[in-house]
Amino acid sequence: MVKINGEQKDVAGLSVKEYLVGANYSLFRVAVELNGEILKKNEFESVVFKDGDVAEIVNFVGGG
Amino acid sequence: MSTGINTQEREMIPGSVLVVGAGALGSAALIALARAGVARIGIADFDNVELTNLGRQIIHRTCDVGRPKTVSAAEKVRGMSPDTEISLHGRMTPGNIVATVSQYDFVVDATDGFGNKFLVNDGCVLAGVPFVHGGVVRLGGQVMTCLPGKTPCLRCLLGEVPPEGECPTCSEAGILGAVPGMIGSAEALEAIKFLTGEGKLLAGRIMSFDCGAGTVRVTGTGERDPSCRICGESPEIKDLLENRRDYGS
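Definitions and limits used
Residues numbered from 1 in each chain as written. Chains lettered and ligands numbered in written order. Predicted model: local features only at pLDDT ≥ 70, side-chain atom pairs only at ≥ 80, totals over all residues. Axes fitted to C-alpha atoms, helices over the stretch in contact; angles between N-to-C directions. Helix = DSSP H or I, 4+ residues; strand = E, 2+ residues; numbered from the N terminus. Parallel < 35°, antiparallel > 145°, perpendicular 65-115°, else oblique. Left-handed = near helix turned anticlockwise from the far one by under 90°. Contact = placed C-beta atoms within 7 Å. Nonpolar A, V, L, I, M, F, W, Y, C, P; charged D, E, K, R; others polar. Pairing = 2+ DSSP bridges. Buried ≥ 20, exposed ≤ 12 C-beta atoms within 10 Å, placed from the backbone. pLDDT = per-residue confidence, 0-100.

### Notes on the packing of helix 1 (residues 24-36) of chain B against helix 2 (residues 69-80) of chain B
Residue and element names in this part refer to chain B. Across the interface, helix 1 lies against helix 2 with an axial gap of 8 Å and an inter-helix angle of 25 degrees. By the angle class used here, helix 1 and helix 2 are roughly parallel. Crossing of helix 1 over helix 2 shows right-handed handedness. Here helix 1 contributes Leu30, Ile31, Ala34 and Arg35 to the contact with helix 2, which in turn contributes Ala73, Val77 and Met80. Residues that form the contact of helix 1 with helix 2 fall into these classes: six nonpolar, no polar and one charged.

Set out below in structure tokens:
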């Protein structure tokens with residue numbers, strides 16, 4: 001299980017990109033912190049969630 | 001010096017803040033800054049007040065429809081804080097933003113749209129002026145302070161300006177007026193904390209509001225991105241006019 005924004009999700013084995021796309025995030029305006037480190041955008045495809053990971057996903061919005 | 005924390009006796013907060021955008025976020029930010037007694041406030045905008053703005057742009061009133069937002073907002077700021085010095089500015093562009101933000105101690109990004117937000121980001125980083133980023137849409141939004149050269153900027157986190165269509169603006173996607181009230185106030189709070197030295201800035205941290213779910217989360221951003229095009233080790237963007245396509249200019 002992976003804790004994403006405080007909720008346990010059964011997504012171990014998925015890449016960060018696969019998860020984001022499946023959860024309908026826009027890859028252009030999202031920041032992902034994994035186990036305390038911010039991922040670079042070019043790492044979304046190669047980094048794979050493991051059991052016990054803790055992720056925070058910030059979905060930036062641009063209105064004002 | 002005043003901490004901005006209101007007691008019986010009101011003191012002014014020395015220092016200056018430029019609020020870029022007198023719309024939904026800017027309305028809430030300007031009211032909070034004026035009430036706190038910030039000594040000098042700049043207001044930058046280029047639009048006139050429209051009837052459809054009034055549900056979320058709380059500094060303007062029905063009788064202001066058709067007037068420039070800067071003039072309408074300045075009048076309310078003056079009414080709330082007569083001793084505050086107010087300066088008005090027009091549209092921020094790649095050609096004028098660095099010189100404009102350089103006249104202030106701190107900048108509040110209250111613009112609409114990512115092109116404008118990256119313009120404020122890049123202008124403040126080039127000028128070395130601390131600023132708070134804020135964004136809002138529908139029932140949520142985020143706030144993050146950037147201390148240029150010290151903590152990550154918007155470009156460190158997002159890289160490039162998200163393409164149009166990926167990111168609706170308030171007028172396109174709609175918004176509940178109370179939401180920018182919270183987020184604009186949180187931005188003003190960052191400015192006041194910066195000027196007074198009180199509390200801990202959201203520098204290197206993003207505060208995300210999901211007002212629908214009733215949650216607020218704070219995410220650490222880590223260090224600046226060494227490959228960031230504006231604040232990295234070998235910044236590629238040195239002249240905003242040359243980079244103006246990024247901002248939709």
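### With respect to the sheet that holds strand 5 (residues 131-137) of chain B
Residue and element names in this part refer to chain B. Judged by pairing direction, the sheet is mixed, and its eight strands sit side by side in the order 3-2-1-4-5-6-7-8 without closing on themselves. The open sheet has two free edges, formed respectively by strand 3 (85-89) and strand 8 (215-220), since each of these has just one partner strand. The sheet shows a mean angle of 15 degrees between the axes of neighbouring strands, direction not considered. The pairing of strand 5 with strand 6 (residues 140-146) spans seven bridges and is antiparallel. Across the sheet, residue Val132 finds its bridge partner in strand 6, namely Thr145. Strand contacts of helix 4 (residues 114-127): strand 1 (13-20), strand 4 (106-109) and strand 5, with the helix running at about 175 degrees to strand 5, the strand carrying the most contacts. Across the sheet, helix 7 (residues 178-196) lies against strand 1, strand 2 (38-44), strand 4, strand 5, strand 6 and strand 7 (205-210), angled at about 175 degrees from strand 5, the strand it touches most.

### Some remarks on unusual backbone geometry
Positive phi, normally seen in glycine, also occurs at Asn24 of chain A, with a value near 65 degrees. When the 7 C-beta atoms within 10 Å are taken as the criterion, Asn24 of chain A is described as exposed. In the Ramachandran plot, Arg138 of chain B falls in the positive-phi region, its phi being about 50 degrees despite a non-glycine side chain. When you line up the elements, Arg138 of chain B lands in the loop between strand 5 and strand 6. With 16 C-beta atoms packed within 10 Å, Arg138 of chain B lands in the partly exposed category.

### Some points on the confidence of the model for chain B
Per-chain confidence: chain B averages 94 in pLDDT, with 97% of residues scoring 70 or above. If you check the scores for this complex, the pTM reads 0.95 and the ipTM reads 0.91.

### A look at the interface of chain B and chain A
Facing 36 residues of chain B, the contacting portion of chain A comprises 17 residues. Looking at the side of chain B that touches chain A, the elements with two or more residues in it are helix 1, helix 4, strand 5, strand 6, helix 5 (154-158), helix 6 (170-173), strand 7 and strand 8 of chain B. Sorting elements by how many residues they give to the side of chain B that touches chain A places strand 5 of chain B first, with four residues. For the side of chain B that touches chain A, the residue count by class is 16 nonpolar, 16 polar and four charged.

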